[in-house]
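Okay, here's what each chain looks like letter by letter:
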Amino acid sequence: MDDKVRGLALQAGWASASLPQGPFLAPEVQDFIKAVVAHKCLAARSPRATRNYALVFKTFFATTSKVPWHLNSEDIARWQGLLNPSAAALKAVRSLVRVINENLLSEACPLSAPGPGATFIDLRKSLVERDSAHKLPKRDALYELARIVFRERPETHNHLIRFSAIRVLTLTGLRLNEVLWLPADCLRWESHLDVVTGKPADQIGGVGQTLRLRHFALKQEEGRPDLLVEEHMLVPTRFQQALATAVHLALQATAELRAVLAAQHEGIGASPNSDLRRFSTSAGAKLTTADLLYLQPVRGRDVPYPVPHDLAVTTLGQNAIYMALGLVADKAAYSFFSRYGREPDHKDFSVKPHSLRHLMNTELFRHGAPDTVITQQFGRQTVAQSYEYDHRSLAEKLAFVSLPGETKGFLTPGSPQELVAKMVVGGLVPTSHIARSFKAIQAKEGDLAAFRYLAANSDGFHVTPYGYCVNSFSMNPCARHLKCFDRCKHFTASGLPEHRETLESLRAKLVEMRNAAAAKPVKTVGRRNQIAHAESLLSGVAAALDASPNSPVFEVGVDHSIVFKDVLS
């Protein structure tokens, strides 16, 4: 039982009878969660993603005493309203609803899936600050890792194949398991000839040779747990030789291990500790672990020569890479940064393998690769998935946005008006008041009128004494006289120390005002309204102080820029 979530429901005033009782979820609920997890595994979900789904399902069923076949849309909405869940949690519950609806598992089918949640403008402190930069590797750690695996001489066989695997991770952006399961014959070179002259294409201005990397892709819908889905990734020209070198180093280092493991698959000198699994591929081929690229002895860091026929051989595992990258806290002394780092402060560095995938995606976006090409390169189902890995700065995104020629007469290059216009045209602030107005004018009166509106209205975003404002002040002066904390929809927290100091000072004054009103006689005219007003403002200030930096304080607040009709008109 998720007691924390159940406690939140009780604090919110939910009836105790509507919540599950006892320390454990009901047996029917447990069986249902296990069944959905098994269903997800068969649909080629990775173990990590499936684990996260199971955790979300546990929190969901902590908010209702109903068994799965009695669930309805209201139960889904109540859960979302209570927890304000993350995008990942919403995705998991949408998946749960889809399973229930597709299999008619509830008497209330069809259930309504939870909405996507509130969208907001992600404001940054500068144009060069990256979007979700925490998902990218730290620059100094990345440079040191590249220096180590590309320049240092590995001390042992195990270090050598880890060097090779990390090189491939960096050069391709593949998932960690996709690299660890590379087949030995993963390089596919292809020469190109001009069909007219018969000459190599590079002699007449084209590309004479390309390289594709054969690998087994994860998260493919057609995949099964016992089936390796074969894919081919096109390797950019600048990385071809470096990637080929990394693969050849591993091939040479594991040649004898591969021969011994292949013989063990045939029953010759088999060791009980060897990895002797067999697989099928989506191309119809049969493989064994001896066909994989990254092999190592089960015990010992080096390969004995000659290699005995009964040597225990296994594949390279995730934990070995995590330890090499400094991600295993109690074994930091074994990381490559600790072993090969040049400076004392480098020994504490770490790099997450998946951050290298985010890095490669961002670099492809930054160099202008089409989003459809990036999506195909990484084997994704939709273009939207690729944009989750796009961490370009605002300046880098705007570099690819161009405005129509007719705007040059009234949008000064480099001005705040041009900046905001590019953000609107590029779709970077789709929910802002100015973007919605621009689209409405564009649809009604055409492009020229819409851009003239932008020129007059897009005076940039603003800093107030309490945070950031995404409303325009030139056409819509602040209706609340910068009282951002009065549930204003345009108010975005900054997290800056000076803004927190202003808010804390304001809170002290409001508390004093509320106490002064409360000290008045009960029958004093307006006493109740004064207290209520102070309490309302205090709750707004508290929300501003608790909000995460660069996030909206009042997602469902009031748009004070809208002119409301007088009740008597």
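Residues numbered from 1 in each chain as written. Predicted model: local features only at pLDDT ≥ 70, side-chain atom pairs only at ≥ 80, totals over all residues. Heavy atoms only, no water.

Caption draft 1: Structural view of the overall build of the protein chain. Secondary structure assignment for the protein chain yields 20 helices and 10 strands. Within the span of the protein chain, comprising 569 residues, buried residues form 44% of the whole. Taking contacts inside the protein chain between residues at least 6 apart in sequence as the whole, the part at least 24 apart equals 64%. Total accessible area computed for the protein chain in this model is approximately 30,200 Å², and 54% of it derives from carbon and sulfur atoms. (Helix = DSSP H or I, 4+ residues; strand = E, 2+ residues; numbered from the N terminus. Buried < 20%, exposed > 50% of the residue type's maximum accessible area, 1.4 Å probe, protein only. Contact = heavy atoms within 4.5 Å. Areas by Shrake-Rupley, 256 points an atom, 1.4 Å probe, with all protein chains shown as cover.)

Caption draft 2: Broad picture of a negative patch on the surface. Together, Asp140, Glu343, Asp345 and Asp348 make up a negatively charged patch on the protein surface. For aspartate 140, a relative accessible area of 48% gives the class partly exposed. (Patch = residues over 30% accessible without salt bridge, like charges linked within 9 Å, V, L, I, M, F, W, Y side chains within 5 Å. Salt bridge = Lys/Arg side-chain N within 4 Å of Asp/Glu carboxyl O. Lys, Arg positive; Asp, Glu negative; His and termini not counted. Charge placed at Lys NZ, Arg CZ, Asp CG, Glu CD.)

Caption draft 3: Summary view of the packing of aromatic side chains. For the structure shown, the criterion picks out 10 aromatic pairs. Taking 6.1 Å as the distance between ring centres and 80° as the angle between the ring planes, the aromatic pair formed by phenylalanine 32 and phenylalanine 61 counts as edge-to-face. Of the two residues, phenylalanine 32 is situated in helix α2 (residues 27–42) and phenylalanine 61 in helix α3 (residues 47–61); the sequence distance between them amounts to 29 residues. Pair check on accessibility: phenylalanine 32 and phenylalanine 61 agree, each one buried. Following the ring pairs from residue to residue traces out a cluster consisting of Phe32, Phe60, Phe61 and Trp79. It is arginine 357 that lies over the ring of tyrosine 389; its NZ or CZ is 5.9 Å from the centre. The lysine or arginine in question, arginine 380, covers the ring of tyrosine 389, its NZ or CZ lying 4.3 Å from the ring centre. (Phe/Tyr/Trp six-rings, centres within 6.5 Å; stacked < 30°, edge-to-face > 60°. Lys NZ or Arg CZ within 6 Å of the ring centre and 35° of its normal.)

Caption draft 4: Seen up close, the confidence of the model for the protein chain. Of all residues in the protein chain, 86% have pLDDT values of 70 or greater, and the mean over the chain is 82. Mean pLDDT in the protein chain bottoms out at strand β8 (residues 462–463), which sits at 62, and peaks at helix α7 (residues 157–172), which reaches 95. Below a pLDDT of 50 lies the segment residues 117–123, which in the model reaches 20 contacts outside its immediate sequence neighbourhood of four places, other chains included. Counted against residues more than four places away or in other chains, residues 564–569, with its pLDDT under 50, gives 1 contact. (pLDDT = per-residue confidence, 0-100.)

Caption draft 5: Helix α12 (residues 353–366), seen in detail. Compared with the 20 Å implied by 1.5 Å per residue over 14 residues, the 20 Å span of α12 between its first and last C-alpha is a close match. Counting buried positions along α12 yields 10 of 14 residues, so the element is predominantly enclosed. Taken residue by residue, α12 has Pro353, Ser355, Leu356, Arg357, His358, Met360, Asn361, Thr362, Leu364 and Phe365 as its buried positions. Structurally, α12 contributes buried residues whose contacts are with α6 (139–151), α7, α8 (176–180), α10 (318–324), α13 (371–377) and α14 (383–387). Looking one or two places after α12, you find glycine 368, whose phi comes out positive at around 85°. (Expected span 1.5 Å × (residues − 1).)

Caption draft 6: Here's a closer look at the layout of surface pockets. Counted as a void, the second largest pocket has a volume near 890 Å³. If you trace the second largest pocket, you find 30 residues lining it, with Phe239, Leu359, Met360, Glu363 and His367 closest to the centre. For the lining of the second largest pocket, the secondary-structure elements that each account for two or more residues are α6, α7, β3 (227–235), α12 and α13. Tallying contributions element by element places α12 first for the lining of the second largest pocket, with 6 residues. Across the lining of the second largest pocket, the residue classes tally to 19 nonpolar, 5 polar and 6 charged. (1 Å grid on protein atoms, 1.4 Å probe; cavity = no way out; pocket = protein on both sides within 12 Å on 5 of 7 lines; lining within 4 Å. Points joined across faces, edges and corners; volume = space filled by probe spheres on them. Nonpolar A, V, L, I, M, F, W, Y, C, P; charged D, E, K, R; others polar.)

Caption draft 7: Broad picture of the side chain of asparagine 361. With respect to the helices, strands and loops of the structure, asparagine 361 is situated in helix α12. Using a relative accessible area of 0% as the deciding quantity, one classes asparagine 361 as buried. In this view, asparagine 361 contacts Ile374, Phe378, Arg380, Ser386 and Tyr389; residues no more than four positions away in its chain are not counted.

Caption draft 8: Molecular detail of the pattern of salt bridges. Counting across every chain of the model gives 13 salt bridges. Where arginine 147 meets glutamate 144, a salt bridge forms, and the shortest distance between an N and an O atom there is 2.9 Å. Of this pair, arginine 147 and glutamate 144 both sit in helix α6, 3 residues apart, roughly one helical turn. Accessibility classification places arginine 147 together with glutamate 144 in one group, the buried group. The partner of aspartate 185 in a salt bridge is arginine 188, with the nearest N and O atoms 3.6 Å apart. Here aspartate 185 falls in the partly exposed class, since its relative accessible area comes to 42%.

Caption draft 9: Highlighting the sheet that holds strand β2 (residues 209–217). Spatially, β1-β2-β3-β4-β5 is the arrangement adopted by the 5 strands of the open sheet, whose pairing is mixed. Strand pairing shows two members of the sheet lacking a second neighbour, β1 (187–191) and β5 (286–288), which therefore form its edges. Neighbour-to-neighbour, the strand axes of this sheet turn through a mean angle of 40°, independent of strand direction. Here strand β4 (residues 278–281) runs beside β5; their pairing, made up of 3 bridges, is antiparallel. (Pairing = 2+ DSSP bridges. Axes fitted to C-alpha atoms, helices over the stretch in contact; angles between N-to-C directions.)

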